[in-house]
Amino acid sequence: MPRHLMNPLDFSVEELDRLFSLAANIEKEPERYAHICDGKKLATCFYEPSTRTRLSFEAAMLNLGGNVLGFSDAGSSSAAKGESVSDTIRVISCYADICAIRHPKEGAAYVAASKSSIPVINAGDGGHQHPTQTLTDLLTIKSLKGDLNNFTIGMCGDLKFGRTVHSLINALSRYSGIKFIFISPVELKVPDYITEMLKDKGITYEEVEKLEDVMPDLDILYMTRVQRERFFNEEDYVRLKNFYILTKEKMELAKPDMLVLHPLPRVNEISVEVDDDPRAVYFKQAQYGVYVRMALIMTLLGLAD
Ligand code: NCD
């Protein structure tokens, strides 16, 4: 049976440690890994828009010496003719060695994995999970803060539909001394199933509406965009889209070593003037996404040892 990645919890903390050390080695000596995947193919099946995730997967495979194939728009695939995800993945299994799939429906990646004879990576399923963004986020935190334990993280924006937030909370719930502060308007609060999980595990969290009030307490601020495509009506989106805008003035309230992360794309929630602040690490974060996906591809293909 191939090994898949659907949720960050599919890897144990020890496996994640190994993955992050591999990613760190790749960052240091990329040339050592330049032919590890010679002759291997990655399929990227993207039924939803993407820039970073798809291209960082493709860059990762190319950096390892492999090749890539796939589609970036459901309209140009046989989905447009009514083909099911399970049929598509059966066929892709004959063409490629590993597949990354993004789909607007929650659970689509799980369906694909259940029918696939090659490793399947969930590259985002609706508003549910986005485990490779989480691997990226964790590697960024570990590389820049040195540790995945003992910090206060503020997650700000669309915590209801933001799948990167859901996956990151899941993943961080296994480390110790993490305090979560959820910053959102009431309409975009973290789903109950996640806060229930935190309560069950005895993990502390706070829910607030005003970013300024908690800014001085944060070691990490994880900003997110309001997920327009998951709203039921445009009016609600328009009302909420500019609820948070991180500005230079707000950054003055933060600790001198607080990190600002964002999975990107950014819309208006971080003013461009913040980009020059050394604490703004979201573009560096996108670079870590390539190293961690290289490590992940190697691991799922059994080439990491
Ligand atoms: C995220 C996603 O697709 O969920 N983007 C990404 O993969 N980096 C975040 C978002 O779209 O807001």
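One can find the structure itself at the top, above this paragraph.
Here is a short report on the structure shown in this document. Remember, predicted model here, so these are calculated numbers, not experimental data.

What to know about the site of the ligand
So, point 1. As a structural note, the neighbourhood of the ligand is formed by T53, R102, H130, Q133, R163, T164, R225, Q227, P263, L264 and P265.
So, point 2. Q227 is positioned such that a nitrogen or oxygen atom in its side chain is 2.8 Å from an oxygen atom of the ligand.
So, point 3. The separation between a nitrogen atom of the ligand and a polar main-chain atom of P263 is 2.9 Å.
So, point 4. About the coverage of the ligand: the protein hides 94% of its 310 Å² of free accessible area.
So, point 5. Classifying every residue of the shell around the ligand by side-chain character gives 3 nonpolar, 5 polar and 3 charged.
So, point 6. Counting contributing residues per domain, the shell around the ligand is built from domain 1 (8-130 + 289-300) and domain 2 (132-285), each supplying no fewer than three.

Describing the pairing of strand β6 (residues 178-183)
So, point 1. Counting buried positions along β6 gives 5 out of 6 residues, so the element sits mostly inside the fold.
So, point 2. Strand direction decides the pairing type here: strand β5 (residues 151-156) and β6, joined by 6 bridges, are parallel. Looking across to β6, one finds that M155 is bridged to F182.
So, point 3. Note on the crossover from β6 through helix α7 (residues 192-200) to strand β7 (residues 205-208): the handedness is right-handed.

Parameters at a glance
Residues numbered from 1 in each chain as written. Predicted model: local features only at pLDDT ≥ 70, side-chain atom pairs only at ≥ 80, totals over all residues. Heavy atoms only, no water. Near = heavy atom within 4 Å. Polar contact = N/O pair within 3.5 Å; in protein donor to acceptor, adjacent residues only side chain to side chain. Areas by Shrake-Rupley, 256 points an atom, 1.4 Å probe, with all protein chains shown as cover. Nonpolar A, V, L, I, M, F, W, Y, C, P; charged D, E, K, R; others polar. Domains from an automatic or database assignment. Buried < 20%, exposed > 50% of the residue type's maximum accessible area, 1.4 Å probe, protein only. Helix = DSSP H or I, 4+ residues; strand = E, 2+ residues; numbered from the N terminus. Pairing = 2+ DSSP bridges. Right-handed = clockwise from strand over helix to strand, strands pointing away.

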